[in-house]
Amino acid sequence: MLPAPVSFQRSRLTQTRSFSKFLRSPARLTNLSALILATLLAFSILLNLHRTGTSPQRILFPRSILETLPSKSSALSLNHLVIVPGHGIWTGARPEDAESEDSWLLASYQRGRGRPSVFRAHIARGSQIARDDPRALLIFSGGYTSPLSATSEAESYLRFARTTGLLPPADTFARAATEDAALDSFQNVLFSIARFRELTGTYPTRITVVGHAFKRKRFEQLHRAALRWPHTRFTYEGVPLGSEADERESATGELVNAFTPYSKDLYGCRAPLVQKRAGRNFHSRTHGYHFGAPEMHELLEWCPKDGTHTFPGALPWTSGN
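Values in this document were obtained by computation on a predicted structure and should not be read as measured data.

Each value, and the rule that gives it
- Residues numbered from 1 in each chain as written.
- Predicted model: local features only at pLDDT ≥ 70, side-chain atom pairs only at ≥ 80, totals over all residues.
- Heavy atoms only, no water.
- Pairing = 2+ DSSP bridges.
- Helix = DSSP H or I, 4+ residues; strand = E, 2+ residues; numbered from the N terminus.
- Axes fitted to C-alpha atoms, helices over the stretch in contact; angles between N-to-C directions.
- Contact = heavy atoms within 4.5 Å.
- Parallel < 35°, antiparallel > 145°, perpendicular 65-115°, else oblique.
- Left-handed = near helix turned anticlockwise from the far one by under 90°.
- Core = buried A, V, L, I, M, F, W, Y, C linked by side-chain atoms within 4.5 Å.
- Buried < 20%, exposed > 50% of the residue type's maximum accessible area, 1.4 Å probe, protein only.

Caption draft 1: Seen up close, the sheet that holds strand β4 (residues 136-141). Read across the open sheet, the five strands follow the order β5-β4-β1-β6-β7; overall the sheet is parallel. Because the sheet does not close on itself, it has two edges, and the strands there are β5 (176-179) and β7 (234-239). On average, adjacent strands in this sheet sit at an angle of 25 degrees to one another, irrespective of strand direction. In this structure, strand β1 (residues 80-85) lies alongside strand β6 (residues 206-212), joined through four bridges in parallel fashion. Pairing of Ile83 across the sheet is with Val209, part of β6. Each of β1, β6 and β7 is contacted by helix α7 (residues 216-226), which is oriented at about 155 degrees to β7, the strand it contacts most.

So this is what it looks like as structure tokens:
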């Protein structure tokens, strides 16, 4: 066998020394080790998922939590989300307490304006829609917004509906639930979608919101658009206030305090909107929708620099549209 040319031997020696130098470099060695370990970890996770048949979404919950959750099989046919946002907390316990201001925790601007009757109309209309549609899930949405009560707006609305007979007893009508984390109107919609996913294992195809008539524009033009929810599958049912004068005054306040700020900050993640949320969270509550609705994780964290750029990522309700 002929000896290798001198040039080949020198080249081979240079390559060997270069590789040896590369391995001796602490930073590069660390990077290489990290890459190898990350690759092995990813392969191990995928292999285990394949063997156990477990989806990545399911492993987000610890076993101790999963064991306490009921089966969602009975809710798989539901596709219509009916949302009734809360505007106060009912503290009553009897049907005759329904429209008494003494049985409601209200803001000062709500008192003396017949608001309990309006709230009853919201609850009644939402309940009727859900009762008429066997594929509807009614969700009362509203957090723990009063320092004077340890209950939520949502829980009090559901209790109101049961107590006054607007909804049948729970053992005969189970398609009603609460969403107890929302601190404003945008979160009423966003979190109710996540709650629907948490309860049914899927996402709604239709949404109906029942609320104040003077808030229609904000829900239809801003909140729906921020979530990129198809307008053909979104309905807002507005309930008027007790008088035209009250309606005009409320519409003016809506424009200044809500519609205009949200038109500049679609996701409510900057002042003054985010400060309003914090100011209503008297009990320092947090939600678990990053786990309950994992497909919405990035949307829940979206806060565009310019305030108005809509979330560009994939959303369960926009696929195929």
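There's more to say after this.
Caption draft 2: Structural detail: the packing of helix α6 (residues 185-200) against α7. Following both chains from N to C, one finds α6 and α7 inclined at 50 degrees, their axes separated by 10 Å at the closest point. With respect to their mutual orientation, α6 and α7 come out oblique. The hand of the α6/α7 crossing is right-handed. On α7, the residues that touch Ser185, Phe186 and Val189 of α6 are Arg218, Phe219, His223 and Ala226.

Caption draft 3: Looking closely at the nonpolar core. Of all hydrophobic cores here, the largest spans 38 residues; its most connected members are Leu190, Ile193, Ile207, Met296, Leu299 and Trp317. Counting only elements with at least two residues in this core, the list comes to β1, β4, α6, β6, α7, β7, α8 (244-264) and α11 (297-300). Not counting residues within four places of it along the chain, the set of residues in contact with Ile193 comprises Leu81, Tyr203, Pro204, Ile207, Leu227, Trp229, Met296 and Trp317. Among the nonpolar cores identified, the runner-up in size contains 24 residues, and Trp90, Ala98, Ala154 and Ala161 belong to it.

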